[in-house]
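As a plain string of letters, each chain reads:
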Amino acid sequence: MVFNKFFSFFKSILFFCIILSVIFFEKNYYDSYQLAKSAGFLFFLFLFFIILIFTNKKLNITPVLIFYLLYIIYILFRILNSNFYMPSYFTAVLLAPFTFLIPLFLKINLKKFLIFINILVFISCLYGILQFFSEKIRPYSFFGNPIFFAEFLIILLPFIFISFYFFKKNSLFFSFNILFIFINLILSSSRGPLISLFVSSMILFFILHKNNFIKSGQAFLFHSIFIFTFLFFIFLIPHFNNAIKYNIERTTDLFSKNSSAIKTRILTAKVALVSVKKNLLYGNSPYSFRFYFPEYQADILKEKKGFDFINTSYVHNDYLQLLNETGIAGLLLFLSFIFSLFFSYDRAFSYMEEKDFIFATACITSLIAFLTEGFFNFPLFIFPAALLFYLIASILYSITEKFLSFYIFKLKSIFILLFAILSIITISFLKPFDYISNFYLNYGINRTLKYLPQDRDYISKAIKLNPHNFFNYFFMGNAFASIREYDDAINYYEKCLKIYPYSSDILFDIGVMFHAIQNYEKAEKYFKRAIDLYPDFANAHFHLGKIYQSMGKQDLANKEFEIVNRLSPYIFEEELSKSVVFFGEASFEMKYNSK
């Protein structure tokens with residue numbers, strides 16, 4: 001008896017560790033590539049499945065579980081057959097569907113889960129507001145990005161709302177939570193989550209009102225008046241007033257012909273639809289979009305003016321990303337899993353007890369918010385949204401499965417657990433030094449901005465542990481460039497190109513290095529290649545013009561300077577001895593001698 005209680009308690013602790021491992025973000029503890037999140041998530045998930053080996057349970061294999069297992073087996077197959085290097089965090093996100101298995105082996109107390117969610121949301125919202133008053137224009141709370149923060153809030157809002165039903169005595173606290181959610185959603189200024197919130201909220205209110213769970217009684221009116229009165233006064237504060245104006249500007253921008261958000265989505269969608277033709281049925285394999293995007297973007301930028309150059313690894317549409325990287329097969333398996341889950345809710349609807357119906361409806365609307373957001377962003381491919389999605393889907397399945405007697409066959413849990421454990425080992429630890437390599441890299445680049453010799457030692461260890469990671473070579477190249485050892489910098493940048501051959505930024509960086517050592521012919525070649533991939537690359541045009549000047553080709557130089565004057569005339573105001581070398585997340589300044 002004592003052992004069973006301890007076993008149950010330990011499972012619950014691991015369950016909360018799995019959730020918390022992917023939620024919290026603080027720049028002093030988590031690098032921008034979410035390394036610690038992915039490592040923590042996989043460790044706790046692996047440990048959770050290991051201790052479940054000792055359970056003796058039979059699972060009903062229903063159509064939902066069959067589609068789920070087929071989907072995750074297919075994803076694992078595509079990962080193992082991929083020719084593209086996947087960063088550690090991306091691999092971990094692809095393993096997030098394994099969280100669907102957790103509620104099948106752990107009986108989740110719905111009330112305790114709601115308390116946990118409310119506390120988590122309250123702390124996150126409070127931190128977001130504090131960030132805003134600390135001059136963060138768009139607060140991100142613990143999530144590293146305001147969009148991720150907003151997605152977290154809209155996914156969990158339905159559970160805050162149904163807390164009024166489960167905890168009537170604490171309704172004022174839930175009113176504050178809902179109030180804080182709306183404040184932070186406005187401050188985050190994320191349009192996709194707001195649209196998704198509207199869609200899911202309308203569905204939630206419709207279902208609950210139709211079944212007489214929302215009544216305009218005295219308590220409901222009191223809390224509504226409280227929320228709107230508080231909102232009225234709080235938005236008289238200049239900071240919040242400015243946030244509202246900023247939201248309005250961003251929203252009206254969507255209807256502008258030159259909306260950067262719309263053009264970005266169109267550009268990435270076009271690239272996805274073109275590149276998917278390489279393998280329409282099975283896809284180009286996970287993380288392939290990052291490889292092909294620069295090449296196909298260049299073709300579009302040459303043919304159609306008006307699009308801006310972007311660096312991205314995501315389509316900004318989960319369905320197109322799935323189609324591109326897993327093909328029609330992967331997308332259909334995912335949608336079959338979702339539709340079968342929704343169908344099970346519809347079948348069990350009339351048999352549920354009241355509390356189960358309320359909670360299941362919150363799960364449905366939360367998933368709808370997620371699936372709607374998938375049209376505008378990529379929550380399926382990031383923490384913590386991906387984990388929450390599969391966790392909520394499993395809780396919904398656990399509720400509905402109790403009221404459905406149909407199943408195809410029974411299967412001992414040991415087989416599914418072994419499958420999960422072996423999958424995590426195979427995928428995550430197939431390259432066991434990858435995580436250690438990333439920690440060395442992160443430590444090396446964060447110790448100092450000067451790239452001292454000892455920092456290169458850490459990055460060198462990262463390269464030895466993982467010779468396939470683009471960023472290992474990139475930051476080593478930066479380290480040598482910062483101390484004017486240009487030949488070594490070129491060597492490492494060239495290795496970057498072997499991983500991502502269509503990177504206009506790296507081509508530009510190499511051109512700058514050759515320019516610095518006055519090898520004008522090679523510098524010209526690399527600047528031209530960079531411009532070929534990014535026609536409006538103002539810095540590349542500027543440097544190419546300087547190259548032509550040094551080569552005595554003034555007519556060609558003037559043509560390049562005319563382009564620069566049209567694109568970014570401010571470049572001429574900068575000193576020739578100062579050049580910005582950049583790629584995506586990183587940037588630094590270097591000085592070199594030039595005639």
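Residues numbered from 1 in each chain as written. Predicted model: local features only at pLDDT ≥ 70, side-chain atom pairs only at ≥ 80, totals over all residues. Heavy atoms only, no water.

Q: I keep staring at the overall build of the chain and nothing clicks. Help me out?
A: When you go through the chain residue by residue, the secondary structure sums to 25 helices and four strands. The burial tally for the chain puts 57% of its 595 residues in the buried class. Of all intrachain contacts in the chain linking residues separated by at least 6 positions in sequence, the fraction that spans at least 24 positions is 75%. Roughly 26,900 Å² of accessible area belongs to the chain as shown, and the carbon and sulfur atoms make up 63% of that amount. (Helix = DSSP H or I, 4+ residues; strand = E, 2+ residues; numbered from the N terminus. Buried < 20%, exposed > 50% of the residue type's maximum accessible area, 1.4 Å probe, protein only. Contact = heavy atoms within 4.5 Å. Areas by Shrake-Rupley, 256 points an atom, 1.4 Å probe, with all protein chains shown as cover.)

Q: What is the right way to look at helix α14 (residues 318-348) in this model?
A: For α14, built from 31 residues, the straight-helix expectation of 45 Å at 1.5 Å per residue is missed by more than 12%, its first-to-last C-alpha distance being only 29 Å. Put simply, Asn 317 is the residue that caps the front of α14, since its side-chain oxygen is 2.9 Å from the backbone nitrogen of Tyr 319. (Expected span 1.5 Å × (residues − 1). Polar contact = N/O pair within 3.5 Å; in protein donor to acceptor, adjacent residues only side chain to side chain.)

Q: What is the right way to read the packing of helix α24 (residues 538-550) against helix α25 (residues 554-567) from this model?
A: The geometry of α24 relative to α25 is characterised by a closest axis approach of 8 Å and an angle of 160 degrees between their N-to-C directions. It follows that α24 is roughly antiparallel to α25 by the angle criterion. In this structure, the crossing between α24 and α25 has a hand that is left-handed. In this structure, α24 contributes Ala 538, His 541, Phe 542, Leu 544, Gly 545, Lys 546, Tyr 548 and Gln 549 to the contact, and α25 contributes Gln 554, Leu 556, Ala 557, Glu 560, Phe 561, Ile 563, Val 564 and Leu 567. Its residues placed into classes, the contact of α24 with α25 shows ten nonpolar, four polar and two charged. (Axes fitted to C-alpha atoms, helices over the stretch in contact; angles between N-to-C directions. Parallel < 35°, antiparallel > 145°, perpendicular 65-115°, else oblique. Left-handed = near helix turned anticlockwise from the far one by under 90°. Nonpolar A, V, L, I, M, F, W, Y, C, P; charged D, E, K, R; others polar.)

Q: Sorry if this is basic, but what is going on with the nonpolar core here?
A: Generally speaking, nonpolar side chains in soluble globular proteins are found buried as a group. Membership of the largest hydrophobic core comes to 201 residues, with the highest contact counts inside it found for Phe 49, Phe 98, Phe 152, Phe 159, Phe 334 and Phe 359. It is helix α7 (residues 146-166) that provides the largest number of residues to this core, a total of 14 residues. The contacts of Phe 159, once residues within four sequence positions are left out, are Leu 114, Ile 117, Phe 359, Ala 362, Cys 363, Ser 366 and Ile 392. (Core = buried A, V, L, I, M, F, W, Y, C linked by side-chain atoms within 4.5 Å.)

Q: Sorry, what's going on with helix α17 (residues 413-428) here?
A: Residue pairs three or four apart in sequence face the same way in an α-helix, which turns once every 3.6 residues. An ideal rise of 1.5 Å per residue puts 22 Å on 16 residues; α17 measures up with 22 Å between its terminal C-alpha atoms. Looking at α17, one finds that the buried residues are Ser 413, Ile 416, Leu 417, Ala 420, Ile 421, Ser 423, Ile 424, Ile 427 and Ser 428. With its buried residues spanning 160 degrees around the axis, α17 presents them on a single face. Along α17, exposed side chains directed more than 90 degrees from the buried face belong to Phe 415 and Leu 422. (Arc of directions from axis to C-beta.)

Q: How should the pattern of salt bridges be read in this particular structure?
A: Working definition: two side chains of opposite charge can pair if their charged atoms are close together. For the structure on display, the rule yields three salt bridges. Between Asp 356 and Lys 402 there is a salt bridge; the shortest N-O distance is 3.6 Å. Pair noted here: Asp 356 is in helix α15 (residues 354-373) and Lys 402 is in the loop between α16 (385-401) and β2 (409-412), with a separation of 46 residues, a long-range link. Notably, a salt bridge pairs Glu 524 with Lys 528, separated by 3.2 Å at the nearest N-O pair. (Salt bridge = Lys/Arg side-chain N within 4 Å of Asp/Glu carboxyl O.)

Q: Honestly, the packing of aromatic side chains in this entry has me stumped. Any pointers?
A: For any two aromatic rings, the description comes down to two numbers: the centre-to-centre distance and the angle of the planes. Considering all chains together, one arrives at 61 aromatic pairs under this definition. Pairing Phe 349 with Phe 357 gives two aromatic rings, centres 5.0 Å apart and planes at 80 degrees, and the pair type is edge-to-face. Judged by its relative accessible area of 27%, Phe 349 is partly exposed. Taking relative accessible area as the criterion, Phe 357 reaches 5% and is therefore assigned buried. Where Phe 470 meets Tyr 500, the ring centres are 5.2 Å apart and the plane angle is 50 degrees; that geometry is what we call tilted. Separated by 30 residues along the polypeptide, Phe 470 in helix α20 (residues 470-482) and Tyr 500 in the loop between α21 (486-499) and α22 (504-516) bring together distant segments of the chain. For Phe 470, a relative accessible area of 2% translates into the label buried. In this structure Tyr 500 comes out as buried when scored by relative accessible area, which is 8%. (Phe/Tyr/Trp six-rings, centres within 6.5 Å; stacked < 30°, edge-to-face > 60°.)

Q: Even after reading the chapter, I still don't get unusual backbone geometry, so can you show me in this structure?
A: Backbone geometry follows two general trends: most residues other than glycine have a negative phi, and most peptide bonds adopt the trans configuration. For the peptide bond that leads from Phe 383 to Pro 384, omega is 0 degrees, which places it in the cis range. Structurally, the position occupied by Pro 384 is in the loop between α15 and α16. Positive phi values are uncommon outside glycine, yet Ser 141 reaches one of about 55 degrees. Of note, Ser 141 is situated in the loop between α6 (110-133) and α7. Taking relative accessible area as the criterion, Ser 141 reaches 0% and is therefore assigned buried. Positive phi, close to 70 degrees, is recorded for Tyr 287, a residue that is not glycine. Relative to the assigned elements, Tyr 287 resides in the loop between α12 (260-275) and α13 (288-303). A relative accessible area of 4% places Tyr 287 in the buried class.

Q: Before we go on, may I ask you to explain the environment of Leu 341 in this structure?
A: Mapping Leu 341 onto the fold places it in helix α14. Linking Leu 341 and Tyr 397, residues 56 residues apart in sequence, is a C-alpha distance of 6.6 Å. Leu 341 has contacts with Val 64, Leu 367, Ala 393, Leu 396 and Tyr 397, leaving out every residue within four places of it along the chain.

Q: Please clarify how the side chain of Ser 437 should be interpreted in this entry.
A: Counting through the fold element by element, Ser 437 comes out in helix α18 (residues 434-447). Looking at Ser 437, its side chain comes within polar contact range of the side chain of Asn 472, at 3.3 Å. Beyond its immediate stretch of four places on either side in the chain, Ser 437 contacts Ala 462, Leu 465, Asn 466 and Asn 472.

Q: Where do I start with the side chain of Thr 361 in this structure?
A: Its place among the elements puts Thr 361 in helix α15. Relative accessible area serves as the criterion here: at 0%, Thr 361 is assigned to the buried category. When near neighbours in sequence (up to four residues on either side) are disregarded, Thr 361 contacts Leu 204, Ile 207, Leu 208 and Tyr 345.

Q: Would you mind showing me how to read a nonpolar patch on the surface here?
A: On the surface, a cluster of nonpolar side chains totalling about 430 Å² of accessible area is made up of Ile 195, Phe 198, Val 199, Met 202 and Phe 205. Take Met 202: it is sitting in helix α9 (residues 191-210). (Patch = residues over 30% accessible without salt bridge, like charges linked within 9 Å, V, L, I, M, F, W, Y side chains within 5 Å.)

Q: Help me understand the confidence of the model for the chain, please; the structure alone is not making it clear to me.
A: Parts of the prediction with low pLDDT should not have their coordinates interpreted in detail. Per-residue pLDDT for the chain averages 82, and the proportion of residues at 70 or more is 82%. Across residues 579-595, confidence stays below pLDDT 50; counting only partners more than four residues off in sequence or on other chains, it has 61 contacts. (pLDDT = per-residue confidence, 0-100.)

Q: Sorry, what's going on with the packing of helix α23 (residues 520-533) against α24 here?
A: To describe two helices that pack against each other, one gives the angle between their axes and the distance between the axes. At a minimum axis distance of 9 Å, the contact between α23 and α24 shows a crossing angle of 155 degrees. For the element pair α23 / α24, the angle class is roughly antiparallel. The crossing of α23 and α24 is left-handed. Where α23 approaches α24, its residues Tyr 520, Ala 523, Glu 524, Phe 527, Lys 528 and Ile 531 are matched on the opposing element by Ala 540, His 541, His 543, Leu 544, Ile 547, Tyr 548 and Ser 550.

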